[in-house]
Amino acid sequence: MTTTTRQATRRMSLLDTAFVNVETRDTPMHIGGLQIFSLPPNAPPDFVKNIVRRFRNTTVVGRPFNMKLEKTLWARIAPSMIVVDADDIDLAYHVRHSALPDPGGERELGELVSHLHSQLLDRSRPLWTCHVIEGLQNNRFAIYSKMHHALADGISAMRLSASALATEPDGEWFPAWEHREPTQKRKRNHDSARTVAAKITAREWPQIMKQAFQPMFKREPGSESVLRPFEAPPSILNGEVTCARRVATQQLDMERMKRVAKAAGGSLNDVFLAVCSSALRRHLQSQDALPDRSLIAGVPVSLREAGDDSMSNAIGFLWAALGTELGDPKARFAAIRSSMEVSKNHLKSLPQQARIAFTLLTSMPTALVLMSGLGAKIRPPMNLTISNVPGPEHILYLNGAKLEATFPISIPVQGQALNITCVSYAGQLNVGFTGSRDSLPGLQKMAVYAGEALTELETVFGVIPA
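Read on for a plain summary of the structure. (Residues numbered from 1 in each chain as written. Predicted model: local features only at pLDDT ≥ 70, side-chain atom pairs only at ≥ 80, totals over all residues. Heavy atoms only, no water.)

Structural notes on empty space enclosed by the protein
Keep this limit in mind: Every definition here rests on a 1 Å grid over the protein atoms only: cavities are sets of points where a 1.4 Å probe fits but cannot get out, pockets are open sets enclosed by protein on both sides within 12 Å along at least five of seven lines, and lining residues have some atom within 4 Å of a point. Grid points are joined across faces, edges and corners, and a volume is the space filled by probe spheres set on the points. Helix and strand definitions here come from DSSP, where helices need a minimum of 4 consecutive H or I residues and strands a minimum of 2 consecutive E residues; each element is numbered from the N-terminal end. Just so you know the grouping, Ala, Val, Leu, Ile, Met, Phe, Trp, Tyr, Cys and Pro go in nonpolar, Asp, Glu, Lys and Arg go in charged, and all remaining residues, Gly too, go in polar.
With the rule as written, the count across this model stands at 3 cavities of 30 Å³ or more. In terms of lining residues, the largest cavity is bounded by 10 residues, among which V226, L227, L318, W319 and F358 are the most central. For the lining of the largest cavity, the element with the most residues is strand β10 (residues 315–321), which contributes 3 residues. Across the lining of the largest cavity, the residue classes break down as 7 nonpolar, 3 polar and no charged. In this structure, the second largest cavity spans a volume of roughly 40 Å³. Around the second largest cavity, the lining residues are Q35, M158, S161, A162, L165, P392, L396, L403, T406 and Y425. Elements that contribute at least two residues to the lining of the second largest cavity include exactly α5 (154–163) and β13 (401–409). Per element, the largest residue contribution to the lining of the second largest cavity is 3 residues, and it comes from α5. Its residues placed into classes, the lining of the second largest cavity shows 7 nonpolar, 3 polar and no charged.

Overview of the pattern of salt bridges
The test is simple: The working definition used for a salt bridge is a side-chain nitrogen of Lys or Arg within 4 Å of a carboxyl oxygen of Asp or Glu.
This structure, assessed with the given rule, holds 11 salt bridges. One salt bridge connects D122 with R125, and the closest N-O pair in it is separated by 3.1 Å. One salt-bridge network, in which partners are shared between bridges, spans R54, E172, E178 and R180.

Quick look at the packing of aromatic side chains
Which entries qualify depends on this criterion: We call Phe, Tyr and Trp rings a pair once their centres come within 6.5 Å, taking the six-membered ring for Trp, and we label the pair stacked below 30 degrees between planes, edge-to-face above 60, and tilted otherwise. When accessible area is computed with a 1.4 Å probe and restricted to protein chains, residues below 20% of their type maximum are described as buried, those above 50% as exposed, and intermediate ones as partly exposed. Counting as a charge over the ring demands two things of the Lys NZ or Arg CZ atom: a distance within 6 Å of the ring centre and an angle within 35 degrees of the ring normal.
What the rule picks out here adds up to 8 aromatic pairs. Both rings, one in F37 and one in F141, keep their centres 5.2 Å apart while their planes meet at 15 degrees; by these two values the pair is stacked. With a gap of 104 residues between them, F37 in strand β2 (residues 30–38) and F141 in strand β7 (residues 140–148) connect regions that are remote in the sequence. Residue F37 shares its accessibility class with F141, and that shared class is buried. Of the aromatic side chains, those joined through ring pairs into one cluster are F55, F65, W128, W173 and W177. A cation over a ring is seen here: R54 above W173, with NZ or CZ 5.8 Å from the ring centre. Over the aromatic face of Y93 sits the side chain of R125, whose NZ or CZ is 4.0 Å from the ring centroid.

So this is what it looks like as structure tokens:
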């Protein structure tokens, strides 16, 4: 038996601490990703087995994959992470090899991933696992990975997974957890980002904070207002959740979405929110559970400065009205665009440091509700989270296997039974719907509705399919 060698300790931020402390058996706090690969031509029978072998033979494990929670008397109040040696990381435990039952279709894959995403990570080990899954129809295999949200946010997790793959079929690839020395360029960028950060004097802060918060509380009649937490209507999306998860996926063509955005006079993200709004409206109508007022989505925004490649969480929220009470798709789109424009313009009007402070302060009540475990018992701060994570623009490969799609799988919590997250990749928007299995039956239908919603938007805005 080997002894863990303590090399370094990392104190956790307030947000990372919240992700650790809010976790219960019913609310696992890990984020995940599902990658679908097509086998290269003439792949040998042991192709997938060799990938598993390479994954497990990593000799130097890098951060954050070599970090685990430190056991201290004050861990509940101020948790910290310690770095452990590669010899003390059981990669045969962290890297699993699975196979789908016949016929190995999307249904079988979805059931397996839903089950895997329901399981808590072992807190006595580094907080991640990777599952290599073979037997997928049409000469494909999949990789499902998950890590605790205290280790990374969606943007940094996507950056990690993409950087480990090759840009050419015969290019170099490596396990995402294998330690690699950062390039000098990346170090320089990170340093320069800190030196150019805007400085605000103590005398300026009161006026800037007044500028930041006044639009949320002093509202002019007939004008669009900046939304604030706890304005969302009660809905079935905001009940209690159990540990059982349900995962559904959908792919949307970005060129089609860009054409709709141009015709409608909005952004690509406005189109994505409109697609989600339509899918939510149909799903809730089918259960006679559509609120009379618009659902409110929490839309995460990155608080990273340019060049910041750190792994800790750096996110805040904007609140967007989804127009779900409106039957006309054009009217829904207009409501979404208007709500997002007001929120984004307000945020852009603030200096960078004040922008971060404002976003964190408005997100804090939501975090406190989640930490209290009372999310299902009080008025919801928002009805759901809808997130858009930028991903690689070019096709990636793993040992010659082409990455066909990469789907994000996120976190439902008490009072937030649904999370919708998308990742852009090689001209496609890959959407992951993650819900509480008992609260949201028929989640796959919502994914189907999302695909149909894009066609509906093309029709109402007169976009001719290419």
